[in-house]
Amino acid sequence: MSWLVWVGRTVFAIIWGAMLANLVWPFPGKGFALFLILLLVLLGLHLLQLMMFATVYREHIQWRRGDYWQIVLFGVIGWLAIVQAQPKRQQS
């Protein structure tokens, strides 16, 4: 499953890159508005996921500072990476 997490991160990196490129070099026509709305929706959904995961699983999972950013950037894929890293964190 770790390769699937890396594929998901790569896909999200491409999506974030396209949306941030739209801010620097606006796409022609209605593309600028569409990608701006998609950026706001994506950011809002990932922040909502962060709130849900952090409140529900705070007691069950060892959180690190980078875990919050992982969920904001990658959403559910970041959550899968955090869950996958738990056995290593509990051993140390």
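These remarks concern the structure in this document. (Residues numbered from 1 in each chain as written. Predicted model: local features only at pLDDT ≥ 70, side-chain atom pairs only at ≥ 80, totals over all residues. Heavy atoms only, no water.)

### Side note on the overall build of the protein
Counting its regular elements, the protein contains four helices and zero strands. Mapped from its N terminus to its C terminus, the protein presents α and β elements in the order α-α-α-α. On C-alpha atoms alone, the protein measures out to a radius of gyration of 15 Å, which is more than a quarter above the 12 Å that the 2.2 N^0.38 rule sets for 92 residues. When the backbone C-alpha atoms are referred to their principal axes, the protein occupies close to 55 × 25 × 20 Å. Across the 92 residues in the protein, those meeting the buried criterion constitute 33%. Contacts in the protein between residues at least 24 apart in sequence constitute 49% of all its contacts with a sequence separation of at least 6. (Helix = DSSP H or I, 4+ residues; strand = E, 2+ residues; numbered from the N terminus. Rg over C-alpha atoms; globule rule 2.2 N^0.38 Å. Buried < 20%, exposed > 50% of the residue type's maximum accessible area, 1.4 Å probe, protein only. Contact = heavy atoms within 4.5 Å.)

### Some words on helix H4 (residues 76-91)
Between its terminal C-alpha atoms H4 stretches 24 Å, which fits the 22 Å expected from 16 residues at 1.5 Å a residue. Taken as a whole, H4 carries its principal kink of about 40° at Ala 85; the proline Pro 87 stands between one and four residues after it. In this structure, the buried residues of H4 make contact with helix H1 (2-24), helix H2 (31-57) and helix H3 (65-74). (Expected span 1.5 Å × (residues − 1). Bend = angle between axes of the 7 residues up to and from the residue.)

### Focus on the environment of His 60
Tracing the sequence through the fold places His 60 in the loop between H2 and H3. For His 60, a relative accessible area of 57% translates into the label exposed. Residues His 60 and Leu 48, twelve residues apart in the sequence, show an inter-C-alpha distance of 19 Å.

### Some words on the packing of aromatic side chains
The tally for this structure, following the rule as stated, stands at five aromatic pairs. The interplanar angle of 90° and the centroid separation of 4.9 Å between the aromatic rings of Phe 27 and Phe 35 together place this pair among those described as edge-to-face. The exposure class assigned to Phe 27 is partly exposed, which follows from its relative accessible area of 28%. With relative accessibility at 25%, the residue Phe 35 sits in the partly exposed group. An angle of 15° between the planes, with centres 5.1 Å apart, marks the rings of Trp 63 and Tyr 68 as stacked. Residue Trp 63 is classed as buried on the basis of its relative accessible area of 18%. Here Arg 9 stacks its cationic end above the ring of Trp 6, 4.6 Å away from the centre of that ring. (Phe/Tyr/Trp six-rings, centres within 6.5 Å; stacked < 30°, edge-to-face > 60°. Lys NZ or Arg CZ within 6 Å of the ring centre and 35° of its normal.)

### Considerations on the nonpolar core
For soluble globular proteins, nonpolar side chains are generally found buried alongside one another. Of all hydrophobic cores here, the largest spans nine residues; its members are Val 5, Phe 12, Trp 16, Met 19, Leu 39, Leu 42, Phe 74, Ile 77 and Ala 81. Looking at this core, the elements with two or more residues in it are H1, H2 and H4. Top element by residues in this core is H1. It accounts for four residues. Formed by eight residues, the second largest nonpolar core is a distinct cluster that contains Leu 50, Phe 53, Trp 63 and Ile 71. (Core = buried A, V, L, I, M, F, W, Y, C linked by side-chain atoms within 4.5 Å.)

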